[in-house]
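# Secondary and tertiary structure notes
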Amino acid sequence: MIVYKSADWWEAFRHLRQSPIIQKLLQRVMLLGLYSSAVAVIGYPLSHLKVTIDPQYFSLLGILLSLLLAFRTNSAYDRFWEGRRVWGQLTNNCRNLAVLLHARLPAADQSHRYHLAKLLSNFPIALEGHLREGVRFEQLEDLPGNLMDKLRQSGHVPSLLAALLQEFYELLLREELILPTHLITIQRHHEALLDVCGACERIQRTPIPFSYSYFIKGFISVFLLVMPWVLITTYGFFMIPITMFGAYALLGVEMIGDEIEDPFGRDSNDLPLAQMAHRMRVNIHEILGVELHEAKKALADAPYSVVQ
Amino acid sequence: MIVYKSADWWEAFRHLRQSPIIQKLLQRVMLLGLYSSAVAVIGYPLSHLKVTIDPQYFSLLGILLSLLLAFRTNSAYDRFWEGRRVWGQLTNNCRNLAVLLHARLPAADQSHRYHLAKLLSNFPIALEGHLREGVRFEQLEDLPGNLMDKLRQSGHVPSLLAALLQEFYELLLREELILPTHLITIQRHHEALLDVCGACERIQRTPIPFSYSYFIKGFISVFLLVMPWVLITTYGFFMIPITMFGAYALLGVEMIGDEIEDPFGRDSNDLPLAQMAHRMRVNIHEILGVELHEAKKALADAPYSVVQ
Amino acid sequence: MIVYKSADWWEAFRHLRQSPIIQKLLQRVMLLGLYSSAVAVIGYPLSHLKVTIDPQYFSLLGILLSLLLAFRTNSAYDRFWEGRRVWGQLTNNCRNLAVLLHARLPAADQSHRYHLAKLLSNFPIALEGHLREGVRFEQLEDLPGNLMDKLRQSGHVPSLLAALLQEFYELLLREELILPTHLITIQRHHEALLDVCGACERIQRTPIPFSYSYFIKGFISVFLLVMPWVLITTYGFFMIPITMFGAYALLGVEMIGDEIEDPFGRDSNDLPLAQMAHRMRVNIHEILGVELHEAKKALADAPYSVVQ
Amino acid sequence: MIVYKSADWWEAFRHLRQSPIIQKLLQRVMLLGLYSSAVAVIGYPLSHLKVTIDPQYFSLLGILLSLLLAFRTNSAYDRFWEGRRVWGQLTNNCRNLAVLLHARLPAADQSHRYHLAKLLSNFPIALEGHLREGVRFEQLEDLPGNLMDKLRQSGHVPSLLAALLQEFYELLLREELILPTHLITIQRHHEALLDVCGACERIQRTPIPFSYSYFIKGFISVFLLVMPWVLITTYGFFMIPITMFGAYALLGVEMIGDEIEDPFGRDSNDLPLAQMAHRMRVNIHEILGVELHEAKKALADAPYSVVQ
Amino acid sequence: MIVYKSADWWEAFRHLRQSPIIQKLLQRVMLLGLYSSAVAVIGYPLSHLKVTIDPQYFSLLGILLSLLLAFRTNSAYDRFWEGRRVWGQLTNNCRNLAVLLHARLPAADQSHRYHLAKLLSNFPIALEGHLREGVRFEQLEDLPGNLMDKLRQSGHVPSLLAALLQEFYELLLREELILPTHLITIQRHHEALLDVCGACERIQRTPIPFSYSYFIKGFISVFLLVMPWVLITTYGFFMIPITMFGAYALLGVEMIGDEIEDPFGRDSNDLPLAQMAHRMRVNIHEILGVELHEAKKALADAPYSVVQ
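What you see is a predicted model, and the numbers here were worked out from it, not measured in a lab. (Residues numbered from 1 in each chain as written. Chains lettered and ligands numbered in written order. Predicted model: local features only at pLDDT ≥ 70, side-chain atom pairs only at ≥ 80, totals over all residues. Heavy atoms only, no water.)

## Looking at the overall build of chain A
Helix and strand content of chain A: 11 helices and 0 strands. Once local pairs closer than 6 in sequence are excluded, the contacts in chain A between residues at least 24 apart make up 77%. Of the roughly 10,800 Å² of accessible surface on chain A, 60% is carried by carbon and sulfur atoms. (Helix = DSSP H or I, 4+ residues; strand = E, 2+ residues; numbered from the N terminus. Contact = heavy atoms within 4.5 Å. Areas by Shrake-Rupley, 256 points an atom, 1.4 Å probe, with all protein chains shown as cover.)

## Quick word on the relation of the copies chain B and chain C
Turning chain B through 72 degrees and shifting it by 0.0 Å along the axis lays it on chain C, with an RMSD of 0.0 Å. One copy is carried onto the other by what is essentially a five-fold rotation axis. The two copies present different faces, since only 6% of the interface residues in chain B are matched by interface residues at the equivalent positions in chain C. (Least-squares fit on C-alpha atoms with pLDDT ≥ 70 in both.)

## Quick word on the interface of chain D and chain C
Residue-level contacts link 72 residues of chain D with 63 residues of chain C. Approximately 6,200 Å² of surface area, both sides summed, lies buried where chain D meets chain C, with 67% of it carried by carbon and sulfur atoms. Between the two partners, chain D and chain C, sit 3 salt bridges. Across the pair Glu201 of chain C and Arg95 of chain D runs a salt bridge, and its minimum N-O distance is 3.0 Å. Put simply, the parts of the chain that give the side of chain D that touches chain C at least two residues each are helix H1 (12-15), helix H2 (20-43), helix H3 (55-104), helix H7 (180-205), helix H8 (210-235), helix H9 (239-260) and helix H10 (273-288) of chain D. Here the element with the most residues in the side of chain D that touches chain C is H3 of chain D; it accounts for 24 residues. Taken together, the residues that form the side of chain D that touches chain C break down as 40 nonpolar, 22 polar and 10 charged. (Buried area = accessible area lost by both parts, 1.4 Å probe. Salt bridge = Lys/Arg side-chain N within 4 Å of Asp/Glu carboxyl O. Nonpolar A, V, L, I, M, F, W, Y, C, P; charged D, E, K, R; others polar.)

## Digging into the relation of the copies chain D and chain C
Its rotation angle being 72 degrees, the transformation that places chain D on chain C also includes 0.0 Å of axial translation and leaves an RMSD of 0.0 Å. A different interface surface on each copy is seen, since only 6% of the contact residues of chain D are contact residues in chain C too.

## A word on the pattern of salt bridges
Applying the stated criterion to the full structure yields 80 salt bridges over all chains. For Glu128 of chain B, the salt bridge is made with Arg266 of chain B, and the minimal N-O distance between the two is 3.7 Å. Note that Glu128 of chain B is positioned in helix H4 (residues 110-131) and Arg266 of chain B in the loop between helix H9 (239-260) and helix H10 (273-288), a separation of 138 residues in sequence. Taking the relative accessible area as the measure of exposure, Glu128 of chain B reaches 2% and is therefore buried. Residues Arg266 of chain E and Glu133 of chain E are paired through a salt bridge, measuring 2.8 Å at the closest nitrogen-oxygen approach. In this pair, Arg266 of chain E sits in the loop between helix H9 (239-260) and helix H10 (273-288) while Glu133 of chain E sits in the loop between helix H4 (110-131) and helix H5 (145-153), placing the two residues 133 residues apart along the sequence. What makes Arg266 of chain E partly exposed here is its relative accessible area of 36%. (Buried < 20%, exposed > 50% of the residue type's maximum accessible area, 1.4 Å probe, protein only.)

## Side note on H8 of chain D
All names here are of chain D. The end-to-end C-alpha separation of H8 is 37 Å, in line with the 38 Å expected for 26 residues at 1.5 Å each. Within H8, the axis deviates most sharply at Met227, by approximately 35 degrees, and proline Pro228 lies no more than four positions further along. With 21 of 26 residues buried, H8 lies mostly within the body of the structure. Looking at the residues trailing H8, positive phi occurs at Gly236, about 65 degrees. (Expected span 1.5 Å × (residues − 1). Bend = angle between axes of the 7 residues up to and from the residue.)

## Remarks on the UniProt feature "transmembrane region" (unreviewed entry) in chain A
Here the UniProt feature "transmembrane region" (unreviewed entry) sits at residues 25-45, 57-75 and 212-232 of chain A. This span, residues 212-232 of chain A, is 100% helix and 0% strand, and a straight line between its end C-alpha atoms measures 31 Å. (UniProt positions renumbered as here; feature names shortened; annotations may be inferred.)

## Here we look at the interface of chain B and chain C
Of the residues lining the interface, 63 residues belong to chain B; the matching set on chain C comes to 72 residues. Both faces considered, chain B and chain C share a buried interface measuring about 6,200 Å² in area, 67% of it formed by carbon and sulfur atoms. Summed over the shared surface of chain B and chain C, the result is 3 salt bridges. Across the salt bridge formed by Arg104 of chain C and Glu170 of chain B, the nearest N and O atoms sit 2.5 Å from each other. Taken together, the links from chain B to chain C amount to 14 residue pairs in polar contact (both at pLDDT 80 or more). Looking at the side of chain B that touches chain C, the elements that each hand over two or more residues are helix H2 (20-43), helix H3 (55-104), helix H6 (157-174), helix H7 (180-205), helix H8 (210-235) and H9 of chain B. It is H7 of chain B that provides the largest number of residues to the side of chain B that touches chain C, a total of 15 residues. (Polar contact = N/O pair within 3.5 Å; in protein donor to acceptor, adjacent residues only side chain to side chain.)

## Concerning unusual backbone geometry
For Glu176 of chain A, which is not glycine, the phi torsion reads 55 degrees and is therefore positive. If you trace the backbone, Glu176 of chain A turns up in the loop between helix H6 (157-174) and helix H7 (180-205).

## Side note on a negative patch on the surface
Taken together, the side chains of Asp78 of chain A, Asp78 of chain B, Asp78 of chain C, Asp78 of chain D together with Asp78 of chain E present a region of like negative charge at the surface. Within the fold, Asp78 of chain E resides in helix H3 (residues 55-104). Among the residues examined, Asp78 of chain E registers a relative accessible area of 49% and is labelled partly exposed. (Patch = residues over 30% accessible without salt bridge, like charges linked within 9 Å, V, L, I, M, F, W, Y side chains within 5 Å. Lys, Arg positive; Asp, Glu negative; His and termini not counted. Charge placed at Lys NZ, Arg CZ, Asp CG, Glu CD.)

## Comments concerning the environment of Glu128 of chain E
Along the backbone, Glu128 of chain E and Pro272 of chain E are 144 residues apart, and their C-alpha atoms lie at a distance of 9.6 Å. Those residues in contact with Glu128 of chain E, other than ones at most four positions away along the chain, are Trp87, Arg136, Gln139, Arg266, Leu273 and Ala274 of chain E.

## Points about the packing of aromatic side chains
What the rule picks out here adds up to 40 aromatic pairs over all chains. Ring plane angle 35 degrees and centroid distance 5.0 Å describe the contact between Phe215 of chain C and Tyr248 of chain D, whose orientation is recorded as tilted. Within this pair, whereas Phe215 of chain C is found in helix H8 (residues 210-235), its partner Tyr248 of chain D is found in helix H9, the two belonging to separate chains. Using a relative accessible area of 12% as the deciding quantity, one classes Tyr248 of chain D as buried. Relative to Trp81 of chain E, the ring of Tyr77 of chain E has its centre 6.3 Å away and its plane inclined at 10 degrees; by these criteria the two rings are stacked. (Phe/Tyr/Trp six-rings, centres within 6.5 Å; stacked < 30°, edge-to-face > 60°.)

## A closer look at the packing of H8 of chain D against H9 of chain E
The N-to-C vectors of H8 of chain D and H9 of chain E enclose an angle of 170 degrees; their axes lie 10 Å apart at closest approach. As the angle between them shows, H8 of chain D and H9 of chain E are arranged roughly antiparallel. On the side of H8 of chain D, the interface is formed by Ser211, Tyr212, Phe215, Gly218, Phe219 and Val222 of chain D, while H9 of chain E contributes Phe245, Tyr248, Ala249, Gly252, Val253, Ile256, Gly257, Glu259 and Ile260 of chain E. When the residues that make up the contact of H8 of chain D with H9 of chain E are grouped by side-chain class, the tally is 10 nonpolar, 4 polar and 1 charged. (Axes fitted to C-alpha atoms, helices over the stretch in contact; angles between N-to-C directions. Parallel < 35°, antiparallel > 145°, perpendicular 65-115°, else oblique.)

## A look at the side chain of Ser154 of chain C
With respect to the element layout, Ser154 of chain C can be found in the loop between helix H5 (145-153) and helix H6 (157-174). We classify Ser154 of chain C as buried; its relative accessible area is 14%. In contact with Ser154 of chain C, not counting residues within four places along its chain, are Leu160 of chain C together with Glu286 of chain D.

Here it is, written out as structure tokens:
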């Protein structure tokens, strides 16, 4: 995610080169420029034919296309924002679990505190890996050996971590460190972990329905391929930059929608999952009063003009 | 559901042939092409009459129609996405139930674990059948004989499965394997099963109100039937492809809305319910530490370029 | 509610006659046709005056009107869909209550089961009456005599039924058939009954604000009354069908919005409340293992091309 | 709130005079009519200058303004509807509290029943005053003297009523009239009282952001002041009614938005808070089996063509 | 936040000077005016070239841009409103916690009441600082010395305050001043504190995705820079005010969106967090019956035409 000062208007142009999606967009606009130039060379001699276009008919199609692109934009942004919201819920629930068990565990009970801090911190880190290239086990907080082995063999690491946490609560209950009443609240926070995991999987695995996506792409393609032939009668060679600006607008909205739709990747618009997971780890350790290595703390404060 | 790489623009055209809804759309566009051709043959001699169309009036109707189609698209997509969300909740609640009872049941208690894994796995599989052609009982995990018979006679299989699970929790409570406190959390996850079932039935049985649906269809029909007569005065025979492109756009949005609206069918845009149910079965068995046949595991990982 | 196969395009026209809202719409379109004809007779001699209309100004008003109609459509559909959703929640909560108490009550305890099945089944049936012409007490399941009398004298039947159910839970608690823990879950399902009742009353009693409704009606009226005078200069007598098509579109969207807004009536777009209530009764009886008369079962499966 | 039959189209015009917001709107339209007349007198001699307006540029601004007005309308209606929804929740929670405690309190225990009925009924009545001109203590149900004095001195009456109710639950708990388990459900209903109060305060105290509101007002003002100068070249004196119709449309949408935004006032579109509070009082008393004076009952059934 | 009477139309213009965002907007409009003047001087001699613009093509782009600006406006307002809603939830939960513990703590127990009132009041005050320039510890209610020191060293003050409150509940539980049952309700209110904190951090740290923001800025920039060259052929020097009005509209919508998007700053549209926190402090102290210094009470009632 590129962090930017949203009110700074003039900086906009400088960043155009950095965003991969906008680079790709510019490439395609260039391609369309080449196509337009070819049309211009071929079509210019014919431009005296004055093919007029019925304005209302094409205006209608243009409005329909614009509304479809607005729908695309809204639904893509909703997914992006839902992705951010569920990671925010993950933060809230980790903090609340830590606050509750901190107040309940004896202040001197470092062993339980360490175990909880590690298990809980590992959940977001594992989830980040699960949603990207796979869990990198060397990034997790160290757990007793056999647990680490079980994690490595698991088909769904977040589920297993949730199960380990659940076993830990049962242990606390048996040792009478928490009352049954506490369990009711703990369960509510705990279940949110797997709910967040499920919501992320849903957003990632179910893009906008196939038909809509391709229907819009087809619509834009026809529109842009026909346009130079129409505009040449009015503008002559001046049609080339005009077509390219139109392509910038139409392709741009579509392509940003495609990118935003899955906010868990590593594009410049995607969410900084890794940093958020590291920040949760710092929070959890601080609330529980458990030491954390400075190097790990630093990961949460990475100067994030571009963060992952 | 056809799974596709959403940012890959040029692949769009290749898939046009695969989607049944787009095939049907192309058929109708062809029909309209025939109609336009007939109009062209009949109407061309009259085209010197120069019937001009008042632009603002028709622009208004076009905008109104576009907004209605945007409404159609939004409401259809909302249903699709709600369908996906409730199946995601089903996944979350199955996992959370399995995690909770795994931590509570003695590790060696294979018999209760098997029974739970089977009952719980059967719910999504039965729901998939319930929403499609009816439950296929041979797909369910095997239950003790008399239970299987009761299921076969039931008028509403998911309700009966929920009742069997509820009886199982009461059994655990009587055997003091769970505390009353646990029941509060279990009930919250458990009730989500029937809530999901009810939400799916609601989406499936209540399409967009009759009047809207037919009003839009009527509007589009009149629009498309009148159009060739209007366009012929401006474009002559060139009007035929132009009309067809307009038909592609208007009919396309409407037809995709009709298809997306019920996401539980077997169209290429519909949700891969069967595969999701199989994946839940794998998850539940793994969390509870219960063996599952490799052939059944494989069903969850079907290479899904087209999945059900 | 008319149940229809949403993808069947050509059947649209056949149903136009059946929907009362569309009949009323056609009447008004006819009226406007008469008005247009009068305008045509009076105005035709004046049509050489060539009153031109400033396109941008009227285009703006047209767009504003279209957006208002889109707002109308969205808010009306939201109410329709919320009405459906809360009746779906009613179904879910009735099933969940039945499942929970079925598992808890001794299998042989037919008397409690019968009482619960009757009370619970009566709630949706009474709610349907409450939202329509008043509760028809002969449709309710028979309750012990004094209860039936109390119901008949009640000012708000659903509240009293909820109170009777609550008394029944307290009875079960006193007889130790349920634990206090069960009550927590039961209460959550139980309170949903009155929440659904309140939501339905809200939708029914609070239409879209007066000012919006009449503002839109006034806007459309002026628009349609002015239109023939404007169009006659361009089209002559051909203006009559064109005006009527415009009236069909504008009036249609408005009138359907008026109808959909309150989904609890008996129009062809309204929800099949009676059938839904009967289906809940069948579900509840089946889950609790209590006999239900075949004639009552049949009501839930009425072949619903038109259902109430 | 003016209650109206939404499908009755022709009655629309008769009500125009009753709504204060529409009266104010008509005033402003008249003012603009005067302004236009002045422009007509001054500008007519210049109208041969034929200042043409670039259509696309102004069309764009018109669409942008229409979309901003649509945004205004949607956000104002959302507030109106949220206000209605939270008052509906208040109704539901009052009924549910009454149902729960009715079933739990001994039938003969009139003193507790009276106290509860009075406290609970006073909450919506006090909230109505709190949101309008201040609580009118003579309207509240009579409480023991010192409580009434405390209410009169309170800085936030609904909070104090909630605290008195909470003390009442604790009393019931100490007298073992309710179990701790009941308290969990009671608390959930009880907290909704202050949640509703907070939501109403939020809607009332936070209008749409200052910048949007004034930006839109400025946009419309410029638009309407410029319009007569533009239209005069096309229409001459006929421009006056046309401008006034445009003013009716643009000002109307804006002003209705301003009014609907805070639904707790006494405008004709505002919610009938007083009547809703009286109806809750009747419901609560009936459920708890406590007498209520006929005159108070009558307030709930006021023939509400205009209600407060 | 500037508090205004939303229906007072004519006051709009007077406030234009006060709002910093509108001042900045006017600056930019002036800049564009200068640019237009330069274009006018250079371009006027060329204006006889009559470059006509294809209306439909630019109309399409204008509609697309308008829809993107509508999307921008909606998403910015949603964030603003969510920010307000979560602060409203904070108010509700603080009041509910105070009401519950007031009823439970012995009336004479001033020491626990004071401690709770201080801890609870500090949460919103600390959150306000946390979201703005950092917590100002001198503004917090005084806590016993070592707690204040811990707060000063904390990396995340709201989390630590939540932990201190949680320890306080555990203390009450150990001293048997509350039952385990009460804890369930208290926890639900308590967890809302950190949920609100997390939601505010989410809104503040995650602006609308980079690509959308810059895409829209780029679109508007090109549009406004090209416009004078186009309009000069139609209007001559009259184009300058017209361009400036267009710039006012397009830039205005974009800039207000940028400002509203983060509602926790100190702009004139931002939420009055400080005053809301002070008002919560007054509420909490009044409910718990604990004295608060008059000077602190006064902060909650600041005459807020401009409040922070």
